[in-house]
Amino acid sequence: MSTEWRSPKFKALGLKVFAVLGCAMLAACSNNDDNDEGAETQEPPPPPPAPPPPTTGTLIENPPPRLASFSIDALIAAVNVNSTAGEVLDLIVDPECGVDVHQIRYNTLDPAQQPTISSGALMIPTGTNVACQGARPIVVYTHGTSAEKSYNIADLSNSENAEGLLIAAAFAAQGYIVVAPNYAGFDTSTLPYHPYLHAEQQAKDTFDALTAARSALPTSTAPTITDNGQLFITGYSQGGHVAMATHRLMQTNGAAVTASAPMSGPYALAAFGDAIFQGQVIRSAPLLLSWTMTTYQRAYGNIYASPTDAFDPRYATGIDALLPTTGTRSQLYDQGRLPRDQLFSSTPPDPAYAPYTPATTPADLAHVFAQGFGPDALITNPYRLGYLQDSLAQPDGGFPAVTDGRPAAAPTHPLRIALKANDLRNWSPTAPVMLCAGHDDPTVLYLNTQLMQQYWTGAGVTAQIRVLDVDDDPSIDDPDAGLKLGFNTAKESVALAAVAGGATDGGAAAVADAYHSSLVPPFCLAAVQSYFDSF
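Residues numbered from 1 in each chain as written. Predicted model: local features only at pLDDT ≥ 70, side-chain atom pairs only at ≥ 80, totals over all residues. Heavy atoms only, no water.

- As recorded in an unreviewed UniProt entry, the chain goes by the name Alpha/beta hydrolase, listed as coming from Steroidobacter gossypii.

Structure (structure tokens):
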């Protein structure tokens, strides 16, 4: 850097010398001589360049702090406190290892490619058993939807943290190193929102968590534990979508993946959205759809011109910043910030759409769909009408009829365009994949699993693709017969308990309440653990 000086022209030599000396002494020259009106002042030096952004996938604290250390007995006791997590202990072999749980905080990017910080868990097996020592495989686990900003999957002292306890028992206690991101926007993340179902950002966030966790190995408390090169990816619900998007990203980047096993995820987002708008309104639809729409509004800027274009005025104010919440999901409902179930008006946006208000097929879920309609609807009828018109004029290739199994070629509605951008029917895995779900899931419709399988079959995928429906009746010599029978028994137990408590619907509502949140997870997780063990 250089500064160009210009010598002022003085009429008298004495004044000139005085001015030069004065400038030298003061390190700046301000010429107030009335006889030199053309003199210029010195330009201030430019500010120093901004420091480069932090490298993504780097730890904020290295080594990452250890939050807890569980012996086998202590882990079993912690898992048994949570009924959902405790179920998995009946489905897998006894834990072989203790578990150290570390909190990782790492650098990543938001959807606008700006630096932000995320956090998560690094779980490491401990103990003298040979399965708990030396080079170990890594499982990346991506969690399901949590509405609470404080969510921290590394906090196993929280007895309500079913997912953290489940993966500790199913993987870390079986000798796997576990990496589980919280995602940007949760826990101590600096991002003021969460990019819900934004496939590219969430996959990159997860990959950065893996990169950061690998840099922490081996730890001082488990100095023999290292990465053996095997990498498995799994996740449930929202995490099923993230797990598949992460597998896609790693394959694109040439990073080795041994196998993946997404569970009950909304993979075929474009078809899933069409099913919802065509009357198959899922449980928790107001929360899940509003979060998706506001995320895409931040990312793409065109989902609506004003929140009241899409959302009823009762809910539109502040909806862009509603999730994740600093309170609880129940408080959002109790405070009238969101309706619990009602997504659409019971009055169709046009008489032609009465068959979709609500949908009545599949019959097993018709009672769930009906709950999504009423006077407290979240989405305005004009917005729904625009979506329906586009979905019927430019139908998805997988819903309502299966044609080529792909998203619509040329959707025009901005939400349909955004859902297509985050739909995962656009890649073909080269490593083995297992998909696990239950066909009566009222929250993430089973069509997501079916359409991914159909898409990959049509695309000629040669990698092993395995699909497990835990709600299916077992066939003769079915290797998954035990899981399927166990699932049916668990489902019947929920129904019987509801009837004993006075339910008049045979327990159907109670089963629908428990199906996605607590019935499917332990059975699918046990299947995934067995699947990963086979490699």
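What follows continues from the structure just given.
1. Concerning the side chain of His-194
- Tracing the backbone through its elements, the reader meets His-194 in the loop between β5 (177-181) and α5 (199-215).
- A relative accessible area of 1% places His-194 in the buried class.
- Separated by 2.8 Å, the side chain of His-194 and the backbone oxygen of Ala-184 make a polar contact.
- Looking at His-194, its side chain comes within polar contact range of the side chain of Gln-238, at 3.0 Å.
- The contact partners of His-194, leaving out residues within four places of it in the chain, are Tyr-183, Ala-184, Gly-185, Phe-186, Gln-202, Gln-238, Trp-291, Thr-295 and Pro-324. (Helix = DSSP H or I, 4+ residues; strand = E, 2+ residues; numbered from the N terminus. Buried < 20%, exposed > 50% of the residue type's maximum accessible area, 1.4 Å probe, protein only. Polar contact = N/O pair within 3.5 Å; in protein donor to acceptor, adjacent residues only side chain to side chain. Contact = heavy atoms within 4.5 Å.)

2. Some details on the pairing of strand β3 (residues 115-126)
- Counted residue by residue, β3 has 11 buried out of 12 residues, so it is predominantly covered.
- Hairpin connection between strand β2 (residues 98-109) and β3: a loop of five residues separates the two successive antiparallel strands, and Gln-113 in this loop has a positive phi of roughly 65°.
- With four bridges joining them, β3 and β5 adopt antiparallel strand pairing. Following the sheet pairing, Met-123 is matched in β5 by Val-178. (Pairing = 2+ DSSP bridges.)

3. Quick word on the nonpolar core
- If you look at the biggest cluster of nonpolar residues, it comprises 111 residues, and the most contacted ones within it are Met-123 and Phe-171.
- With 14 residues, helix α17 (residues 508-533) is the largest single contributor of residues to this core.
- The residues contacting Phe-171, other than those within four sequence positions of it, are Val-139, Tyr-176, Val-178, Thr-234, Leu-525, Val-528, Gln-529 and Phe-532. (Core = buried A, V, L, I, M, F, W, Y, C linked by side-chain atoms within 4.5 Å.)

4. So, the sheet that holds strand β7 (residues 259-263)
- The nine strands lie next to each other as β1-β2-β3-β5-β4-β6-β7-β8-β9, forming an open sheet whose pairing is mixed. If you trace the sheet from one side to the other, it starts and ends with β1 (66-70) and β9 (465-469), each paired once. Here the average twist between neighbouring strands, direction ignored, is 20°.
- The sheet contacts of helix α4 (residues 162-170) involve β2, β3, β4 (135-142), β5 and β6 (226-236), and relative to β3 the element is tilted by about 40°.
- Sheet strands in contact with α5 are β2, β3, β4, β5 and β6, and its direction is about 125° off that of β2. (Axes fitted to C-alpha atoms, helices over the stretch in contact; angles between N-to-C directions.)

5. A few points about the packing of aromatic side chains
- Enumeration according to the criterion identifies 19 aromatic pairs in this entry.
- Between the aromatic rings of Tyr-296 and Tyr-300, the centroid separation amounts to 5.8 Å while the plane-to-plane angle is 50°, which identifies the pairing as tilted. In this pair, Tyr-296 and Tyr-300 both sit in helix α8 (residues 285-300), four residues apart, roughly one turn of the helix.
- You can call Tyr-300 partly exposed: its relative accessible area is 35%.
- Of the aromatic side chains, those joined through ring pairs into one cluster are Phe-171, Tyr-176, Phe-232, Tyr-531, Phe-532 and Phe-535.
- The ring of Tyr-193 has Arg-298 lying over it, and the distance from NZ or CZ to the ring centre is 4.1 Å. (Phe/Tyr/Trp six-rings, centres within 6.5 Å; stacked < 30°, edge-to-face > 60°. Lys NZ or Arg CZ within 6 Å of the ring centre and 35° of its normal.)

6. Concerning the state of the cysteines
- Considering all chains together, one arrives at two disulfides under this definition.
- For Cys-97, the disulfide goes to Cys-132, at an S-S distance of 2.0 Å. Here the disulfide of Cys-97 and Cys-132 is left-handed, its torsion about the S-S bond being about -90°. On the criterion of sequence distance, the pair formed by Cys-97 in the loop between α3 (83-89) and β2 and Cys-132 in the loop between β3 and β4 is long-range, its members being 35 residues apart. Per residue, the accessibility class of Cys-97 equals that of Cys-132, and both read buried.
- The partner cysteine of Cys-436 in its disulfide is Cys-524, sulfur to sulfur 2.1 Å. Between Cys-436 and Cys-524, the disulfide has an S-S torsion of -90° and is therefore left-handed. (Disulfide = S-S within 2.5 Å.)

7. Some remarks on unusual backbone geometry
- Following Asn-62, the chain continues into Pro-63 via a peptide bond in cis, with omega recorded as 10°.
- As for its placement among the helices and strands, Pro-63 is situated in the loop between α1 (13-26) and β1.
- Here Leu-197, not a glycine, exhibits a phi torsion of approximately 55°, which is positive.
- In this structure, Leu-197 sits in the loop between β5 and α5.
- Look at Leu-197 and you get buried, because its relative accessible area is 4%.

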